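One-letter residues, chain by chain:
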Amino acid sequence: MAAGGRGDSLAWGVLKKGMRLLVPRTVALALGLLALGARAAAPTPLPDDPSCNDTDRKFMERAYEMARYATTHGGAPFGAVLVKDGVIIAEFSNCEHATGDVTKHAETGLISTFSPKISRATFAASTLYTSSEPCTMCCGSIRFAGIKRVVYGTSELQFLKVIGVAESANPLESKEVFSRTAPGTVVQGPLLEAEGLKIHEDYWPTHVRPSARS
């Protein structure tokens with residue numbers, strides 16, 4: 001596989017047990033009950049972006065696998081996969097909790113890890129699949145890497161409802177960020193959102209709720 005194949009990228013995502021942030025079971029359960037009390041009913045999944053195809057669904061499934069992997073290896077439920085010519089060339093799971101590095105989101109982590117190995121031309125010719133809509137920090141990383149196509153699974157407004165974060169009066173979606181800062185970047189999504197929401201619903205009840213996307 002090309003630079004940053006599955007084995008290499010998983011090595012970056014696997015975090016030593018000694019680095020994990022461990023929460024006592026009783027505390028986790030208490031936090032879960034509080035979170036459940038604050039959280040509204042699970043949102044109804046949005047329909048797939050009609051511009052996405054079966055190939056996009058295939059690679060989104062892998063991005064969701066990376067998100068699940070993150071939840072058992074010191075990260076929050078976010079994953080990203082970079083694909084060129086139908087081949088995965090890099091992938092990364094969120095690992096910010098275990099590393100203590102708040103920039104280790106799936107998208108920014110992938111780009112910072114593999115940009116020394118992948119040329120800008122290759123980034124530009126690739127599609128980035130993200131399990132959830134990129135935050136503004138990740139949008140900046142995507143822009144400067146020169147990635148021209150992004151497909152996300154679960155929309156930010158939707159998974160923030162699951163987490164219990166109050167909806168902003170002026171939400172800023174990734175499509176608007178790119179339309180204003182990198183209009184040549186194509187952003188598509190949501191895709192297979194029901195699967196992505198389930199990953200978030202399984203994770204957040206027993207984890208500390210962030211004030212914004214983690």
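Conventions used here
- Residues numbered from 1 in each chain as written.
- Predicted model: local features only at pLDDT ≥ 70, side-chain atom pairs only at ≥ 80, totals over all residues.
- Heavy atoms only, no water.
- pLDDT = per-residue confidence, 0-100.
- Contact = heavy atoms within 4.5 Å.
- Axes fitted to C-alpha atoms, helices over the stretch in contact; angles between N-to-C directions.
- Helix = DSSP H or I, 4+ residues; strand = E, 2+ residues; numbered from the N terminus.
- Left-handed = near helix turned anticlockwise from the far one by under 90°.
- Nonpolar A, V, L, I, M, F, W, Y, C, P; charged D, E, K, R; others polar.
- Parallel < 35°, antiparallel > 145°, perpendicular 65-115°, else oblique.
- Buried < 20%, exposed > 50% of the residue type's maximum accessible area, 1.4 Å probe, protein only.
- Pairing = 2+ DSSP bridges.
- Core = buried A, V, L, I, M, F, W, Y, C linked by side-chain atoms within 4.5 Å.
- Phe/Tyr/Trp six-rings, centres within 6.5 Å; stacked < 30°, edge-to-face > 60°.
- Disulfide = S-S within 2.5 Å.
- Salt bridge = Lys/Arg side-chain N within 4 Å of Asp/Glu carboxyl O.

**Student:** Lay out the confidence of the model for the chain with the relevant residues and their values.
**Tutor:** Predicted confidence across the chain gives a mean pLDDT of 84, with 78% of residues reaching 70 or more. In this model, residues 1-39 is a region of pLDDT below 50 whose contacts with residues beyond four sequence positions or in other chains number 60 contacts.

**Student:** Can you lay out the packing of helix 5 (residues 106-114) against helix 7 (residues 136-145) for me, pointing to particular residues and giving the numbers?
**Tutor:** Running from N to C, helix 5 and helix 7 point in directions that differ by 30 degrees, and their axes come no closer than 8 Å. Between helix 5 and helix 7 lies a crossing of left-handed hand. For the pair helix 5 and helix 7, contact is made by Glu107, Thr108 and Ile111 and by Met137, Cys138, Ser141, Ile142 and Ala145, respectively. Classifying every residue of the contact of helix 5 with helix 7 gives five nonpolar, two polar and one charged.

**Student:** Quick rundown of the packing of helix 3 (residues 54-71) against helix 10 (residues 193-203)? Include the residues and the values.
**Tutor:** Angle between the axes and distance between the axes are the two parameters that describe a pair of packed helices. Interhelical geometry of helix 3 versus helix 10 gives an angle of 0 degrees and a closest axis separation of 11 Å. In terms of axis orientation, helix 3 runs roughly parallel to helix 10. Contact residues: Glu61, Tyr64, Ala67, Arg68 and Thr71 in helix 3; Glu193, Glu195, Gly196, Ile199 and Tyr203 in helix 10. Split by residue class, the contact of helix 3 with helix 10 holds four nonpolar, two polar and four charged.

**Student:** Please set out the pairing of strand 2 (residues 87-93) residue by residue, giving values where relevant.
**Tutor:** When you tally the buried positions in strand 2, you get six out of seven residues, the bulk of the element. One ladder, built from six bridges, connects strand 1 (residues 79-84) with strand 2; its direction is antiparallel. Along strand 2, the bridge assignment pairs Ala80 with Phe92. Between strand 1 and the antiparallel strand that follows it, strand 2, lie two residues; Asp85 among them carries a positive phi value of about 55 degrees.

**Student:** Explain the nonpolar core to me, and be specific about the residues and the numbers.
**Tutor:** In this structure, Leu82, Leu110, Ile118, Leu128, Ile142, Ile147 and Trp204 are the most contacted members of the largest nonpolar core, which totals 33 residues. Counting residues per element, the ones that place at least two in this core are strand 1, strand 2, helix 5, helix 7, strand 4 (149-154), helix 8 (156-163), helix 9 (174-181) and helix 10. Beyond its immediate sequence surroundings of up to four residues, Leu110 is in contact with Ala80, Val81, Leu82, Ala90, Glu91, Phe92, His105, Ser115 and Leu128. If you look at the next biggest cluster of nonpolar residues, it comprises 15 residues, including Phe59, Val81, Leu191 and Leu192.

**Student:** Before we move on, can you summarise the packing of aromatic side chains with the specific residues and values?
**Tutor:** Summed over all chains, the structure comprises three aromatic pairs. Their ring planes at 70 degrees and their centres at 5.5 Å tell us that Phe78 and Phe159 sit as a pair that is edge-to-face. You can see Phe78 sitting in the loop between helix 3 and strand 1 and its partner Phe159 sitting in helix 8, a full 81 residues away along the chain. With 4.7 Å between their ring centres and 85 degrees between their planes, Tyr203 and Trp204 make a pair best called edge-to-face.

**Student:** Can you break down the environment of Thr55 residue by residue, with the values?
**Tutor:** For Thr55, the location among the structural elements is in helix 3. Thr55 gets classed as partly exposed once you look at its relative accessible area, which sits at 43%. In the structure, Thr55 is positioned 31 residues away from Gly86 in sequence and 8.1 Å away in space, judged by C-alpha atoms.

**Student:** Go over the state of the cysteines, please, and point to the residues and values.
**Tutor:** One covalent bond between the sulfur atoms of two cysteine residues makes up a disulfide. Using the criterion set out here, one finds zero disulfides in the structure. Sulfur of Cys139: no disulfide; nearest cysteine sulfur belongs to Cys135 and is 6.8 Å away. The exposure class assigned to Cys139 is buried, which follows from its relative accessible area of 2%.

**Student:** Requested: an account of the pattern of salt bridges, with residues and values cited.
**Tutor:** The tally for this structure, following the rule as stated, stands at ten salt bridges. A salt bridge links Asp54 to Arg57; the nearest nitrogen and oxygen atoms lie 3.3 Å apart. Of this pair, Asp54 and Arg57 both sit in helix 3, three residues apart, which is roughly one turn of that helix. Between Glu176 and Arg180 there is a salt bridge, with its nearest N and O atoms 3.3 Å apart. Taken as a pair, Glu176 and Arg180 lie in helix 9 at a separation of four residues, close to a single helical turn. Via salt bridges that share partners, Asp48, Asp54 and Arg57 belong to a single interconnected network.

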